[in-house]
Amino acid sequence: MPAMEIIILPTPAEVGRLAARKIAQVVTRRPEAVVGLATGSSPMAIYAELAAQVRSGTLDARRVRGVALDEYVGIPAEHPESYRSVITRQVTEPLGLDPGNVFVPDGRATDIPAACAAYEAAIRGLGGVDIQILGIGANGHIGFNEPTSSFASRTRFFDSPEQVPTHCLTQGLGTIMDAHELLLVAQGEAKAAAIAAAVEGPVTSICPGSILQFHPEATVVIDETAAADLQLVDYYKHTCANKPDWQRF
Ligand code: F6R
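Residues numbered from 1 in each chain as written. Predicted model: local features only at pLDDT ≥ 70, side-chain atom pairs only at ≥ 80, totals over all residues. Heavy atoms only, no water.

**Details of the packing of aromatic side chains**
Test applied: We call Phe, Tyr and Trp rings a pair once their centres come within 6.5 Å, taking the six-membered ring for Trp, and we label the pair stacked below 30 degrees between planes, edge-to-face above 60, and tilted otherwise. Put simply, DSSP marks the helices as runs of H or I at least four residues long and the strands as runs of E at least two long, and each gets a number from the N terminus on.
Overall, the coordinates contain four aromatic pairs when judged by the stated rule. On the basis of an interplanar angle of 15° and a centroid distance of 6.2 Å, the ring pair of Tyr-83 and Phe-144 is categorised as stacked. Of the two residues, Tyr-83 is situated in helix H3 (residues 83-95) and Phe-144 in the loop between strand E6 (131-134) and strand E7 (156-159); the sequence distance between them amounts to 61 residues. Among the aromatic residues, ring-to-ring pairing joins Tyr-72, Tyr-83 and Phe-144 into one connected group.

**Considering the site of the ligand**
The test is simple: For this description, a residue counts as near a given molecule or strand if any of its non-hydrogen atoms is within 4 Å of it. Here a polar contact means two N or O atoms within 3.5 Å. Within protein one must be a hydrogen donor candidate and the other an acceptor candidate, and residues neighboring in sequence count only if both atoms are side-chain atoms. Areas reported as accessible are Shrake-Rupley estimates using a 1.4 Å probe. Residue values count occlusion only from the protein chains shown. Cavities and pockets are found on a 1 Å grid laid over the protein atoms alone: a cavity is a set of points where a 1.4 Å probe fits but cannot escape, a pocket is an open set with protein on both sides within 12 Å along at least five of seven lines, and a lining residue has an atom within 4 Å of such a point. Think of it this way: a molecule belongs to a cavity or pocket when more than half its atoms come within 2 Å of the grid points there. Amino acid classes used here: Ala, Val, Leu, Ile, Met, Phe, Trp, Tyr, Cys and Pro are nonpolar; Asp, Glu, Lys and Arg are charged; the rest, including Gly, are polar.
Close contacts around the ligand come from 13 residues, with Ser-42, Asp-70, His-141, Gly-143 and Lys-191 the closest. One of the side-chain N or O atoms of Thr-39 is found 2.8 Å from an oxygen atom in the ligand. At a separation of 2.6 Å, an oxygen atom of the ligand approaches a polar side-chain atom of Asp-70. Compared with its free state, where it exposes 410 Å², the ligand has 85% of that area covered by protein. Assessed atom by atom at 2 Å from the grid points, the ligand resides in the second largest pocket. Of the residues contributing to the shell around the ligand, the split by class is four nonpolar, seven polar and two charged.

**As for helix H2 (residues 44-56)**
One full turn of an α-helix is made of 3.6 residues, so residues set three or four places apart face in the same direction. We count it as follows: For a helix, the expected span equals 1.5 Å multiplied by the number of residues minus one. For the exposure calls, accessible area comes from a 1.4 Å probe over protein chains only, and a residue counts as buried if that area is under 20% of its type's maximum, exposed if over 50%, partly exposed in between. The arc in question is traced by the directions running from the helix axis to the C-beta atoms. Residues count as neighbours in contact if any of their non-hydrogen atoms are within 4.5 Å of one another.
Over its 13 residues, H2 runs 18 Å from end to end, which matches the ideal 18 Å to within 8%, given 1.5 Å per residue. The set of residues buried in H2 consists of Ile-46, Tyr-47, Leu-50, Ala-51 and Gln-53. On an axial view of H2, the arc spanned by its buried residues comes to 160°, and they lie on one face. Of the residues in H2, the exposed ones pointing more than 90 degrees away from the buried face are Arg-55 and Ser-56. Structurally, H2 contributes buried residues whose contacts are with helix H1 (12-29), strand E2 (34-37), H3, E6 and strand E9 (181-186). In the stretch just after H2, Gly-57 is the one whose phi turns positive, near 85°.

**A look at the packing of H2 against H3**
What counts, and what does not: For helices, the axis comes from a line fit to the C-alpha atoms of the stretch in contact; other axes are also lines fit to C-alpha atoms, and the angle between any two N-to-C directions lies between 0 and 180 degrees. For this classification, under 35 degrees means roughly parallel, over 145 means roughly antiparallel, 65 to 115 means roughly perpendicular, and everything else is oblique. Note on convention: the crossing is left-handed when the near helix lies turned anticlockwise from the far helix by less than a right angle, right-handed when the turn is clockwise.
It is at 9 Å that the axes of H2 and H3 come closest, and there the two elements cross at 15°. The orientation of H2 relative to H3 falls into the category roughly parallel. In terms of crossing hand, the pair formed by H2 and H3 is left-handed. Mapping the contact onto sequence places Met-44, Tyr-47, Leu-50, Ala-51 and Val-54 in H2 and Gln-90, Val-91, Pro-94 and Leu-95 in H3.

**Let's talk about the pairing of E6**
Going by this rule: For two strands to be treated as a pair, DSSP must find no fewer than two bridges joining them.
Burial of the side chains of E6 extends over both faces: Ile-131 and Ile-133 are buried on one face and Gln-132 and Leu-134 on the other. Relative to E6, E2 runs parallel, the two sharing two bridges. Counterpart to Val-35 in the pairing with E6 is Ile-131. Inspection of the sheet shows E6 paired to E9 by four bridges, in the parallel sense. If you follow Gln-132 over to E9, its bridge partner there is Leu-182.

Distances and angles like these do not, on their own, reveal function.
So, in structure tokens, the structure goes:
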């Protein structure tokens, strides 16, 4: 039955390992899978674990296509802080992806709306995203979709008050919701309020992550500290512990 699945694990390392297993399962089923790539600290353990699997020969990711969530505007792709560079260092190289199969919005485009439209077209051209990895901000943002972002938003230019540089291109919430599956990871107490709002709160643009409640295939993998504000912790743990084998990953 389609539902948001909440998996609570004792440590951040286990969050990374289990989430990596989910990605590896998708890639094993479909070696040319389109994987949506978040940057930031939350998914780093996933990428490290996948890289270890590639090194040990248990995973072949060479045909995987990667699609970034967002990119800064005005930053050269080769700048070490660009999301293109971060993805090259953390994903493309260690997992052995073909750099030509890794797509990042063009933060240097002179025509930004055209770059946004081109990015949407590129995702469509790949046949859509099979599984989108997400982190969540303490204020509930996903991608660079800050509070009050439209749930229908497509890839666009965003002026973020908290970020330096202050402008970015981001997949919109509508774009993110088109992915076949969503996998959100969070670790640490700083994320507890955002996780509770996203998972159990009302679906509201003040917490962009709450849109996941409308997705038929969303999995949320978090550690105990990020789960601290959830009301139904016992229920999620019980459901997880009693999952039939065919639902496990
Ligand atoms: C990154 C992104 C952001 C982060 C979020 C959490 O591509 O889109 O939404 O996922 O800011 O960041 P971390 O994981 O660094 O806590």
